Each structure stands twice: as C-alpha cells, then as structure tokens.
Amino acid sequence: MLNTIRAKFAAALLAGLVVTILGLSKGVSSGSAVGEPALIAGTLMLVIMLLIERIVINPITRLTRDVVAIANGSPSDAANRLVAKGSDEVATLARTFNDLIEHLGARQTLEQRLEHMAHHDALTDLPNRLRLRQATENELARVQRGETIAVLCLDLDHFKSVNDTLGHPAGDCLLRTVAERLRQSVRETDIVARVGGDEFAVVQVAAEQPRGAIVLADRLIETLAKPFDLDGHQVVIGTSIGIALAPSDGLDTDQLMKNADMALYRAKADGRGVSRFFEPEMDAKMQARRTLEIDLRKALVEDEFELYYQPLVNLQSDAVSGFEALLRWNHPTRGLVPPSEFIPVAEEMGLIVPLGEKILRQACTEAAGWPDDIKVAVNLSPVQFKSKTLALAVISALASSGLPPHRLELEITESVLLQDSELTLTTLHQLRALGVRIAMDDFGTGYSSLSYLRSFPFDKIKIDQSFVRDMSGKEDSIAIVRAVAGLGKNLGMATTAEGVETQEQLRYLRQEGCTEVQGYLFSRPMPARNIRHLLERVRNELRRAA
C-alpha cells in the first residue's frame, strides 16, 4: 500500500515539475509575464510535494521498515519516530504510530525474555534439559559427517548433606557456583546444562574421542573437588560422571542421555568421584534391575516374603537364648533370592519401610508363641530411621502380638549413626524406653565404633563374622575378638560372635569370653514352623558337647 502511495506521489511530483518547466519555458519564450502563474503554481506544487515527502512519506517509510524489522525479530530503531506536534489529525496519527512502535518493542523484549526462560534454568541461567536436547540433536548432524560427540552426565556427590546442614539457600548458592565453574571448564563450542536438582550435563563437540571426554571428565572432577566458600562455610563435595559417545553408543538424543546416565550410576557405585564410559552390559544390568524392582513391588503385595530364623546360643548356659529373624524372598520363578541382592534395591526404592514394618509384626507374632525365655532379634535398615515412624511401628508390633518388649532385640549397623545422629539417638532412646534391647551389628567393620559406644549404651555388640572366620590362622583376629569381648564386659554389654562354623572357633570364643554365638555350627536359618524341632535338636547337641 505504501508503495502505491509513493508511486502516486511520484506521479504528482512529476506533474508539478512539468507544470513548472512549461510555465518557465513560456515565460522565457514570450519574454512576458504570461508564464508566471503557471510557474508559481508549479513551484508551489513542487514545494508542497517535497514537504509531504519529508514530513509524511519518509517517516512512514522508516516506520514501516521498523515495524517489519520488529515483526521479524530485529530490534526497533528509536530514531524511526514521527514528529508529533500539535493536536491535529496528523499529529494524532503520528503519536499513534509512535505508541505502536513502543508497544511492539516492549512486546519483543518480553517475548525474548520468555524464550530465554523457556530454555534456561532459572537458578543457574544454564541451558535446561529442553535446550540441551535441541542442541544435542543439532550436534548429532556432525556424526553424519564422520565426527564423534560425547555426552557427559554429572551428579554432585554429597550435595544433600549441604542442604540438610546449611539450608537450601546455601545449596542454591553452591549450585550457582558449580554452574560457573562448569562454564569456565568447557570450551565455547561445548554445551553445559543443568538437567535436574544437582545433575548437570555437558555435550562435547569437535574433540578427538574418547581422549577428549577423558580429559574433560578429569578436569571437571578436579575442578568440583576444590573447596567451595558459602558465606564463610567451607564445603567440599565432588562429582561422579557417566560418559556416552555418538555414534558408538547411539544416534538418538534420548538413547545417549540414557546410556550416559547408566554410566553415571556405575561411577557412583564404584566409589564416586570418578568417571565411567557406557558399556553394553550396563544396559542388561539396568534391565535386570528394573525387572527386580517390578518383582519386588509385586512380592510385597502378594506376600512372597518369609522369615527364617537362626539360633543364638548363650555360652554360659549352653542353651538357645533367641533367634535372629532373617528375611527370605520366595520368587515364583527364581526361587529363593539372596537378601544381599534385593535388600539394597528395596532400600533405594523406599520399600524397606513397609517391608520392615511387616517383618517386625510377623517376627513379634511368631516369637510370642515361643518359650518365654527365648527372644527374637530383628535387623533394622538405616532407611527405616529416616522414616521417623520407627518407634510407632515397634509399638504397634508389640501391641498386636502381645510380645513383652524385653524379648525383642533390634539390631542396627554403624551406618545408621552416620546419618542424622541427633534424630537417630532420639529414636534409639525412645525404643530403649519401651524396654526393647538394642544391639550394634557388624561391629568393627564401619566407622568410629568406639565413639558410638560412648554416645549410646547398647545392650549388645555383635562381632562380624569376618573376624571369627580368621581366628584359626590369624593372631590379629583373635586379638580383635579378645579386645571386643573385653570391651563389652567392661561396658556391661553382651557380645555375640557371628559366623561360627567349627568347634575350634567355638573353643576360641569361649576362651575369649564371648557371651553368645551363632552360625552354621548350630543351624542354618530355618522357617518358623521348624523352631520347636530346632530348639530340641540344638539343646541335645549342646548337652552332648558339654
């Protein structure tokens, strides 16, 4: 439309020029004033046309270009504004056009901001998962040209402890600092993104692989291992990294991220603070893990679990003093699944809490039918302490079964005390107040055992079977057993030695002053229905041995 107006205006301007020239030529040829009116009219028309060109047509042309530029995503030019003087229709139109430009410019800025927010993390301003996906898909075009790209998945080690001890503001500050270190550690051609709470990812391009990924992973691990200063608090974390390469590990963004994540899982399992490349067998293990998770959920619903019991023998009375409850899973197709295989998975899934409550109820109910001098020992998971409902679960199990509290013994490992020690100690004191006995399991294999014995008065210490197994040939194992037995005696705590399999081991344990023993020498774990027969058999064997 504007071009049409300019064309018509150009025609009018040309007509004015013609009239002016004709009037000028007549006046010159006749030597008179005959051509003066035409000359004046033409000149006036030319002046008017030039003024319209300058005041209206040119600004509108610039304004149109500005609007088109804004519509195409280019920034508007503040100089392209109409002069709006007065209050007539032309001035009103000029102000309307200027307001339109301002509105379009503000809208353009808002759209750009929204576009940035949609593709970037609000806390760190790094690209988010969506932007990473788009960038990775673009970079995969390099693979078609024979290049290799690397996808690195990073997970911060011990980040949760920072949130728990210093608070979420400190955690946010840490994440921002981590993001800045990552930016400084990669090249401009690489893409670094935040893809989750404490999870980051890097897409490395134009590097010789796998060497480029190894060098970058080592640099990132070293960078994030350095201390962080969070408002005067020095924090040391670290990172574990999983790496997948294209095209060898996949040509699809989702597949690459999945494979890098599996490699990350392996890196964390290998001790953290390391990097691992994806390997095909990882996928098979992950599939097996998913199948196990599905089967575990089903097993809990369909009651495929059963408790087995192993006797505890008192060396002073040479009698069975109790049984330790041990969980068994009767899988419909795999048979008995080892606890070492499914318990860690149940803990990670959170299933150990309802499963643990079921074990407590069943163990107390079955023990209530045993002789009054026989106690039952139940293992507790660190995850159960985190649930904050453990004391209520114990109260419920005792109340529903009618088992006296002193006949229930709860076994915990040192790892329980490594988490929220104040909350854990409060829970332990609540359980002790109920009259329940508390035992520390696997003593000597964890951390700072002696300090834990000072922080809570345990009723019993259980000596790990690894020390018992080596007693026959290693003097240091005998010395350790002797020291633990003496420590327990001096602190008023019973000592139970696990894993007793030979008469020689039993003889050593008697000599060193252990209170109780358990192991295959007396019996393998048995179902509850065999308890009475087991009690009679063990008593007869102990009488003969005595």
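Rules used in this analysis
Residues numbered from 1 in each chain as written. Predicted model: local features only at pLDDT ≥ 70, side-chain atom pairs only at ≥ 80, totals over all residues. Heavy atoms only, no water. Helix = DSSP H or I, 4+ residues; strand = E, 2+ residues; numbered from the N terminus. Buried < 20%, exposed > 50% of the residue type's maximum accessible area, 1.4 Å probe, protein only. Contact = heavy atoms within 4.5 Å. Areas by Shrake-Rupley, 256 points an atom, 1.4 Å probe, with all protein chains shown as cover. Core = buried A, V, L, I, M, F, W, Y, C linked by side-chain atoms within 4.5 Å. Pairing = 2+ DSSP bridges. Axes fitted to C-alpha atoms, helices over the stretch in contact; angles between N-to-C directions. Left-handed = near helix turned anticlockwise from the far one by under 90°.

Colleague: Would you mind going over the overall build of the protein chain with me for this structure?
Modeller: Looking only at helices and strands, the protein chain has 19 helices and 17 strands in total. Among the 546 residues that make up the protein chain, the fraction classed as buried is 43%. When contacts within the protein chain are restricted to residue pairs at least 6 apart in sequence, long-range pairs at least 24 apart make up 65% of them. A total of about 28,300 Å² of accessible surface is found on the protein chain, and carbon and sulfur atoms cover 55% of it.

Colleague: Quick question: what am I supposed to make of the nonpolar core here?
Modeller: Nonpolar side chains tend to gather and get buried jointly when the protein is soluble and globular. Counting 77 residues, the largest nonpolar core has Leu 296, Val 376, Leu 408 and Leu 410 as the members making the most contacts within it. With eight residues, helix α11 (residues 352-367) is the largest single contributor of residues to this core. Once residues within four sequence positions are removed from consideration, Leu 408 is found in contact with Leu 360, Cys 364, Val 376, Val 378, Val 394, Leu 398, Leu 403, Val 436 and Arg 437. By size, the runner-up hydrophobic cluster in this structure holds 30 residues, among which are Phe 159, Leu 174, Leu 175 and Ala 179.

Colleague: Got a minute to help me understand the side chain of Glu 139 in this structure?
Modeller: With respect to the element layout, Glu 139 can be found in helix α4 (residues 129-144). Residues within four places of Glu 139 in sequence aside, it is in contact with Ile 149, Ile 191 and Val 205.

Colleague: Would you take a moment to explain the sheet that holds strand β3 (residues 199-204) for this structure?
Modeller: Consider a sheet: its strands pair through backbone hydrogen bonds, and that pairing is either parallel or antiparallel. With mixed pairing, five strands are arranged side by side in an open sheet as β2-β3-β1-β6-β7. At either margin of the open sheet sits one strand with a lone partner, and together these are β2 (191-194) and β7 (275-277). This sheet shows a mean twist of 20° between the axes of neighbouring strands, independent of strand direction. In the sheet, strand β6 (residues 239-246) pairs with β7 via three bridges, with the strands oriented parallel. Looking across to β7, one finds that Ile 243 is bridged to Phe 277. Packed on one face of the sheet, helix α7 (residues 211-225) meets β1 (149-156), β3, β6 and β7 and runs near 165° to β6.

Colleague: So what exactly am I meant to see when it comes to the packing of helix α6 (residues 168-185) against α7 here?
Modeller: Between two packed helices, the angle of one axis relative to the other and the distance separating the axes together describe the packing. Their axes nearest at 10 Å, the elements α6 and α7 cross at an angle of 145°. Here α6 runs over α7; the crossing is right-handed. Here α6 contributes Val 178, Arg 181, Leu 182 and Ser 185 to the contact with α7, which in turn contributes Leu 216, Arg 219, Leu 220, Thr 223 and Leu 224.

Colleague: Looking at this structure, I do not really get unusual backbone geometry. What am I missing?
Modeller: The bulk of non-glycine residues show a negative phi, and the bulk of peptide bonds are trans. A cis amide bond links Gln 209 to the next residue, Pro 210, at an omega of 10°. Structurally, the position occupied by Pro 210 is in the loop between β3 and α7. The amide bond that connects Ala 246 to the next residue, Pro 247, takes the cis arrangement and shows omega of 15°. Looking at the secondary structure, you find Pro 247 in the loop between β6 and α8 (253-269). Positive phi, close to 50°, is recorded for Asp 318, a residue that is not glycine. If you trace the backbone, Asp 318 turns up in the loop between β8 (305-314) and β9 (319-331). You can call Asp 318 partly exposed: its relative accessible area is 22%.

Colleague: Sorry, what's going on with the pairing of β8 here?
Modeller: For a regular strand, side-chain orientation follows a simple rule: the groups alternate between the two sheet faces. By the criterion of burial, β8 is predominantly enclosed, with nine of the 10 residues buried. Summarising the sheet, β8 and β9 pair through 10 bridges and their orientation is antiparallel. In the strand pairing of β9, Asn 314 is matched with Ala 319. In this structure, the hairpin formed by β8 and β9 is closed by a connection of four residues, where Asp 318 is found at a positive phi of approximately 50°. Where β8 and strand β17 (residues 526-527) come together, two bridges link them in antiparallel fashion.

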